[in-house]
Amino acid sequence: MTAQYTTIESVDSFRDRARRWLKENLAPATEYFVGAFDEEVWARHRELQGVLFEGGFAGICFPKEYGGQGLSVAHQRAFTEESLGYEMPLALNVPTLAICAATLLDLGTEEQKRARLPAVLRGEEVMVQFLSEPRGGSDLAGLITRAERDGDEWVLNGTKIWSSGAYAADYGLCLARTNWDVPKHQGLTLFLVPTAAPGLTIRRIRQVTGSVEFCEEFFDDVRLPADAVVGEVGGGWAAATTLLHHERAAVGGSSPYISGDQPRLGGETDTLIDLARDTGRLDDPRVREDIGAAHTMRTVREQLIEHVSDAIAADRMPPAAGSLVRLFGAETNWLQIDSALHIAGTAAATGTPEGPGIGQVGIDYLFRNAGSLGGGSTEMARNLISERILGMPRESAADRDVPFNQVPRGR
Ligand SMILES: Cc1cc2nc3c(=O)[nH]c(=O)nc-3n(C[C@H](O)[C@H](O)[C@H](O)COP(=O)(O)OP(=O)(O)OC[C@H]3O[C@@H](n4cnc5c(N)ncnc54)[C@H](O)[C@@H]3O)c2cc1C
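Keep in mind that what you see is a predicted model, and the values were worked out from it rather than measured.

A.B. asks: Describe the overall build of the chain, and please don't skip the residues or the numbers.
C.D. replies: The helix and strand inventory of the chain stands at 12 helices and 8 strands. Expected size for 411 residues packed as a compact globule is a radius of gyration near 22 Å; at 22 Å, the chain falls within 12% of this value. For the C-alpha atoms alone, the extent of the chain along its principal axes is close to 70 × 65 × 45 Å. A buried classification covers 48% of the 411 residues belonging to the chain. Expressed as a percentage of contacts within the chain between residues at least 6 apart in sequence, the contacts between residues at least 24 apart total 72%. Of the roughly 19,900 Å² of accessible surface on the chain, 52% is carried by carbon and sulfur atoms.

Written out as structure tokens, the structure is:
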């Protein structure tokens, strides 16, 4: 038998190639990107993702058979470093690539992976998550959207909320209850739902910040084929656990599936320095202390991301360790936003919201709790760290081993 060797390009050579390609093919980033907020931005980012795909730089850590590059986390990091400062398809990072495509890669059937992943990597399809419900998102296993089997099909009924970017999506990963006779974690199934399915209504939600990124969805007898199930029927909790690990890594900044900038949790020290200069407070000792503290948090956060992602990749830490970076990212974000508000003072409420200047400080402040809720709340991250990483006893739950149809609800 002849041994076969596959040569993987060195990170240095890949970095050089990426640097040259980026210079020739992408424009410098001109806009301060605060989140995808209209159809035009989505169309542009889909197009940019196609450019990355054609250039051989899409899905660096996705396997080649599904349209990716089959390279390592170190290659991905090098590409991200080189791509900072260029116009990148950031809207497709979270949740499409880092959460939904990553979950499909782990759990999808061969047909699902071959049908969806190359389309996502080419920028042709956007995916979102249909998890949270109006009754609460932290107790995800207690959800009440139902899917019932009808011949070869499933029929979905219920309501989801806080789905980021659903109005611009092609597919949503939807967790639904398929069995009410078993305890809550055992009766769930994950489905891949086309957003164009008859019976699915998507409405955008306007927030106090002016953003209309969040959506709510109403499922009225939405019919899905049997092969819409992702993972096992009744195995929805295990599937959701996989998805949530990817989500915490994405939100915390340690996902290997993100190109370009990471999500904004943690912020930039330079923004605070610019703000202090613009407001004439650069010499104020209190302001300098705030900037120093924010810079320290940011530096520690970057090292934590590297340490935890390497440890998870090498099986030295469980995937739940993504909660560590998720929690630290939220704390860093909170400190950054509060420091910016202290520096800007009343100007934070009077500036214009465009751009990273003073007006944006007020908008960021209005949205700051989101950093402690998105990707599961900070309190839930603390629970996970104590139970899954430190091995402390589980939080007590009166509904844990009770068939779900016997759990009192609606009070
Ligand atoms: C930016 C952002 C993006 C989001 N994107 C999506 C998305 O794409 N798809 C989606 O489905 N959802 C999304 N969400 C919703 C998010 O998952 C929920 O906000 C989150 O799970 C918390 O749920 P909730 O808001 O219903 O709060 P609740 O679950 O009602 O919790 C309220 C408060 O009680 C605390 N709490 C609850 N249970 C416990 C407990 N056992 N121990 C200690 N404290 C507890 C929570 O920490 C929180 O502070 C997003 C949210 C944000 C902010």
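A.B. asks: Can you explain the UniProt feature "domain: Acyl-CoA oxidase/dehydrogenase middle" (unreviewed entry) in the chain? Please cite residues and give values.
C.D. replies: Taking the UniProt record as the reference, the feature "domain: Acyl-CoA oxidase/dehydrogenase middle" (unreviewed entry) is found at residues 131-222. Between the first and last C-alpha atoms of residues 131-222 the distance is 16 Å; the span itself is 0% helix and 49% strand.

A.B. asks: Please set out the environment of Glu-331 residue by residue, giving values where relevant.
C.D. replies: The topology assignment puts Glu-331 in helix H9 (residues 322-344). Not counting residues up to four positions away in its chain, the partners in contact with Glu-331 are Met-297, Thr-378 and Arg-382.

A.B. asks: Can you tell me about the pattern of salt bridges, naming the residues and giving the values?
C.D. replies: Under the defined criterion, the tally for this structure stands at 29 salt bridges. Note that Arg-203 is salt-bridged to Glu-216, the shortest N-O span being 3.6 Å. Of this pair, Arg-203 sits in strand E6 (residues 200-204) while Glu-216 is found in strand E7 (residues 214-225), placing the two residues 13 residues apart along the sequence. By relative accessible area, which is 46% here, Arg-203 ends up partly exposed.

A.B. asks: Give me the lowdown on the site of the ligand, citing residues and values where you can.
C.D. replies: In the vicinity of the ligand lie 19 residues, with Gly-137, Ser-138, Trp-162, Ser-377 and Glu-379 positioned nearest. Between Trp-162 and the ligand, the recorded distance is 3.1 Å, taken from a backbone N or O atom to a nitrogen atom. With the chains in place, 68% of the 970 Å² that the ligand exposes on its own is no longer accessible. Of all elements in the fold, only strand E3 (153-164) and helix H12 (378-389) reach the threshold of two or more residues within the shell around the ligand. With 4 residues, the single largest contributor to the shell around the ligand is E3. In terms of residue class, the shell around the ligand is built from 7 nonpolar, 10 polar and 2 charged.

A.B. asks: Go over the side chain of Thr-96, please, and point to the residues and values.
C.D. replies: Looking at where Thr-96 falls in the secondary structure, it is placed in helix H4 (residues 93-107). Residue class for Thr-96 comes out buried when judged on its relative accessible area of 1%. Other than its neighbours up to four places away in sequence, Thr-96 contacts Ala-101, Val-120, Glu-125, Val-126 and Met-127.

A.B. asks: Tell me about helix H1 (residues 11-25), and please be specific about residues and values.
C.D. replies: Taking 1.5 Å of rise per residue, the 15 residues of H1 would be expected to cover 21 Å, and the 20 Å separating its terminal C-alpha atoms lies within 8% of that figure. Listing the buried residues of H1 in full gives Phe-14, Arg-15, Ala-18, Trp-21 and Leu-22. The arc enclosing the buried residues of H1, seen along the axis, measures out at 135°, which places them on a common side. Structural note: H1 exposes Asp-12, Arg-20, Lys-23 and Glu-24 on the side pointing more than 90 degrees away from its buried face. Where H1 is buried, its residues meet helix H2 (39-55) and helix H3 (73-83).

A.B. asks: Please give an account of the nonpolar core that cites residues and values.
C.D. replies: In this structure, Leu-156, Leu-175, Phe-191, Val-193, Phe-219, Val-222 and Leu-224 are the most contacted members of the largest nonpolar core, which totals 58 residues. If one sorts the elements of this core by residue count, H4 sits on top with 8 residues. When we break this core down by domain, the ones giving at least three residues each are domain 1 (11-126) and domain 2 (129-235). Ignoring anything within four residues of it in the chain, the contact list for Val-222 reads Trp-154, Val-155, Leu-156, Val-193, Ala-197, Pro-198, Gly-199 and Leu-200. In this structure, Leu-26, Leu-48, Leu-52 and Ala-58 belong to the second largest nonpolar core, which totals 13 residues.

A.B. asks: Residues and numbers for the packing of aromatic side chains, please.
C.D. replies: What describes a pair of aromatic rings is the distance from one ring centre to the other and the angle between the planes of the rings. Counted by the stated rule, this structure contains 8 aromatic pairs. Taken together, the ring pairs in this structure connect Phe-14, Trp-21, Phe-57 and Phe-79 into an aromatic cluster. Seen from the ring of Phe-404, Arg-177 lies directly overhead, with NZ or CZ sitting 3.6 Å from the centre.

A.B. asks: Describe the pairing of E7, with residues and values.
C.D. replies: Across 10 bridges, E3 lies against E7 in antiparallel orientation. By the bridge assignment for E7, Ser-164 is matched with Phe-214. Here E6 pairs with E7 via 5 bridges, running antiparallel. Bridging from a neighbouring strand, Arg-204 pairs with Cys-215 of E7.

A.B. asks: How would you sum up empty space enclosed by the protein? Please name residues and give values.
C.D. replies: Across all of its chains, the model carries 1 cavity of 30 Å³ or more by this definition. Space inside the largest cavity adds up to approximately 70 Å³. Lining of the largest cavity is provided by Gln-49, Leu-52, Phe-57, Ala-58, Gly-59, Ile-60, Gln-76, Pro-89, Asn-93, Leu-97, Tyr-257 and Ser-259. Among the secondary structure elements, those contributing two or more residues to the lining of the largest cavity are H2 and H4. Residue composition of the lining of the largest cavity, grouped by class: 7 nonpolar, 5 polar and no charged.

A.B. asks: Talk me through the domain arrangement of the chain; I want residue IDs and the actual numbers.
C.D. replies: Domain assignment breaks the chain into domain 1 (11-126), domain 2 (129-235) and domain 3 (264-389). Across the contact, 17 residues belong to domain 1 and 17 residues belong to domain 2. Of the roughly 1,400 Å² buried where domain 1 meets domain 2, counting both sides, 56% is carbon and sulfur surface. When residues of domain 1 are sorted by the area they lose upon contact with domain 2, Trp-42, Gln-112 and Val-126 head the list and together hold 31% of the total.

Rules of the game
- Residues numbered from 1 in each chain as written.
- Predicted model: local features only at pLDDT ≥ 70, side-chain atom pairs only at ≥ 80, totals over all residues.
- Heavy atoms only, no water.
- Helix = DSSP H or I, 4+ residues; strand = E, 2+ residues; numbered from the N terminus.
- Rg over C-alpha atoms; globule rule 2.2 N^0.38 Å.
- Buried < 20%, exposed > 50% of the residue type's maximum accessible area, 1.4 Å probe, protein only.
- Contact = heavy atoms within 4.5 Å.
- Areas by Shrake-Rupley, 256 points an atom, 1.4 Å probe, with all protein chains shown as cover.
- UniProt positions renumbered as here; feature names shortened; annotations may be inferred.
- Salt bridge = Lys/Arg side-chain N within 4 Å of Asp/Glu carboxyl O.
- Near = heavy atom within 4 Å.
- Polar contact = N/O pair within 3.5 Å; in protein donor to acceptor, adjacent residues only side chain to side chain.
- Nonpolar A, V, L, I, M, F, W, Y, C, P; charged D, E, K, R; others polar.
- Expected span 1.5 Å × (residues − 1).
- Arc of directions from axis to C-beta.
- Core = buried A, V, L, I, M, F, W, Y, C linked by side-chain atoms within 4.5 Å.
- Domains from an automatic or database assignment.
- Phe/Tyr/Trp six-rings, centres within 6.5 Å; stacked < 30°, edge-to-face > 60°.
- Lys NZ or Arg CZ within 6 Å of the ring centre and 35° of its normal.
- Pairing = 2+ DSSP bridges.
- 1 Å grid on protein atoms, 1.4 Å probe; cavity = no way out; pocket = protein on both sides within 12 Å on 5 of 7 lines; lining within 4 Å.
- Points joined across faces, edges and corners; volume = space filled by probe spheres on them.
- Buried area = accessible area lost by both parts, 1.4 Å probe.

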